[in-house]
Structures are given as structure tokens and as C-alpha cells.
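Remarks on the overall topology
Now for the letters of each chain:
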Amino acid sequence: MTGKPAPMIAIDGPTASGKGTIAARVAGQLGWHLLDSGALYRLTALACLEQGIPADDAAGAARAAAALDVRFDAHGVSMAGRDVSADIRREEVGNLASQVAALAPVRAALLDRQRAFRRAPGLVADGRDMGTVVFPDADLKIFLVASAEARAQRRYKQLIEKGFSANLLTLLRDLEARDARDTQRANAPLAAAPDALVLDSSHLSIEQTVAQVMAWWQERASVPRA
Ligand code: DC
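About the criteria used
Residues numbered from 1 in each chain as written. Predicted model: local features only at pLDDT ≥ 70, side-chain atom pairs only at ≥ 80, totals over all residues. Heavy atoms only, no water. Near = heavy atom within 4 Å. Polar contact = N/O pair within 3.5 Å; in protein donor to acceptor, adjacent residues only side chain to side chain. Areas by Shrake-Rupley, 256 points an atom, 1.4 Å probe, with all protein chains shown as cover. Helix = DSSP H or I, 4+ residues; strand = E, 2+ residues; numbered from the N terminus. Nonpolar A, V, L, I, M, F, W, Y, C, P; charged D, E, K, R; others polar. Buried < 20%, exposed > 50% of the residue type's maximum accessible area, 1.4 Å probe, protein only. Contact = heavy atoms within 4.5 Å.

Here's the deal with the site of the ligand
In the vicinity of the ligand there are 18 residues, among which Arg42, Arg107, Arg128, Asp129 and Arg185 approach most closely. Measuring from an oxygen atom of the ligand, one finds a side-chain N or O atom of arginine 128 at 2.9 Å. Taking aspartate 129, its side chain carries an N or O atom lying 2.9 Å from a nitrogen atom of the ligand. Computed on the free molecule, the ligand has an accessible area of 440 Å², of which 98% lies beneath the protein chains in the complex. Elements represented by at least two residues in the shell around the ligand include exactly α2 (37–51), α4 (91–100) and α8 (168–184). At four residues, α2 tops the list of elements feeding residues into the shell around the ligand. Residues belonging to the shell around the ligand are distributed by class as follows: four nonpolar, five polar and nine charged.

Shown next as C-alpha cells:
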């Protein structure tokens, strides 16, 4: 790559820690691009479901990942011209996403697609390995955490608001299982980058969390980049 890459903020953390919401708000405030990397794994999972590719078929899932015909816009995400914004949020799709995301060929197939989002004026990317693998030179790395109970509550509220049925205890168990899978997998496990700032949002509102990220960014941005 020639020249300095566009500035970027990487926000990683466990499922339902609020990364997506925080990343979208920060990107909105800065007027930057947004990458919801989890959506790419969810889209891969949805493609596998629809094409009958089993979760342990690494080559098949990687082919599906490489062939994704995706479009992100202000209204949501579409796959092959069909709006799948609601479909990819289904718990079944999220659980399968966590399984296909453990496959190295799938991660490799999605790497360049993710890096292509880094364009001027800047990028806010959220996921599990934004600061560790995909954008190790990110200007600011945040590791957003919240207790499993707080995250289960948030996801419950989110699902109910969207008109889905949900059970709090089942959600908590699913979250813990997904956390375990995401942190214990061999490929790009969920982990804070050594230079990430850890932000615990269990007792913070969305506004307070966004304000903290923005304050850290203002601090960072006031120091000239190397
Ligand atoms: O953030 P999310 O719940 O939409 O992510 C769905 C799944 O994708 C999650 O179980 C882990 C995986 N994922 C990943 O492995 N790496 C990322 N950068 C983002 C998501």
C-alpha cells in the first residue's frame, strides 16, 4: 500500500456487548465509513443455510464467503439483491455464524473484503479480530465488554422490540456458549489486542459509551500520526 491508510477505529468485543450500536454512532459522529464484520460472517452462515452447506464443510463455506454478493447501504444489507437485514439477525443464523467463523478458510476468504472498507475519510470497524488480525495498525483499538447478564438483557430487549419471541435464560446460555466458541477457537480467537483500551459498558448508557470512545479518539487524534 502506498501513502498513509485512512484513519480507523477498531472496536472488538464479545457478542451483544453493544459494539454494533457504538460503532455506528461513532462512525455517524465522525462521518466515517462503517464495517460490521459480524454481518459478513452472518451472511456467510445464511448463504450456507440456503445452499445446504453443512457447518463443518470448510471449503464449501469458504466458497460461499468468497462468492457473497453483498451490498451495505443506509437501509441495511442485501444479498443478491434481496434485503436480508432481518434474516441475518436470527439467532439460528448467529449461532451458525459463530461456527463458520471458526473455519480458517472462511476467515481468509473475508479478509480483503473487510480491508477494502478502509477508505477516506476514515473507518470504524467492529467485530472480534479487527484490532488483532484485520487492522493491526488501527489508530485506536477498543475492547468493549459487558457482563453476560447485561448482554443477555440487551439482546432480549432488542429481539422483543423487533417482534421476535425470546427467552432470557436461553439467550444467556447461548451467549455463554458463543463466547466460549469465539474465545477458544484456534483461528483469530476473540481477544483484546495488547494495545487495546478496555471499556466495560455494563453500567454505561449508549451515550456514555460513545462519549468515552470519542474522548479517546480526540486524545489520539491530537497526537500526530507516525
Ligand atoms: O458480532 P456478531 O454477533 O454479528 O457476529 C456473528 C458471529 O461472527 C460471531 O459469533 C463471531 C463471528 N465474528 C468473527 O468471528 N469475527 C468478526 N470479526 C466478527 C464476527
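Additional details are given in the paragraphs that follow.
Let's talk about the environment of arginine 178
Structurally, arginine 178 is set in helix α8. Look at arginine 178 and you get buried, because its relative accessible area is 4%. With 40 residues separating them in the primary sequence, arginine 178 and glutamine 218 have C-alpha atoms 33 Å apart. Once residues lying within four places of it in the same chain are set aside, the contact partners of arginine 178 are Thr15, Arg42, Glu91, Gly94, Asn95, Ser98 and Arg155. Of note is the side chain of arginine 178, whose polar atom sits 3.3 Å from the side chain of glutamate 91.

Things to note about the environment of alanine 47
Here alanine 47 shows up in helix α2. We classify alanine 47 as buried; its relative accessible area is 3%. Ignoring anything within four residues of it in the chain, the contact list for alanine 47 reads Ala64, Leu68 and Met79.

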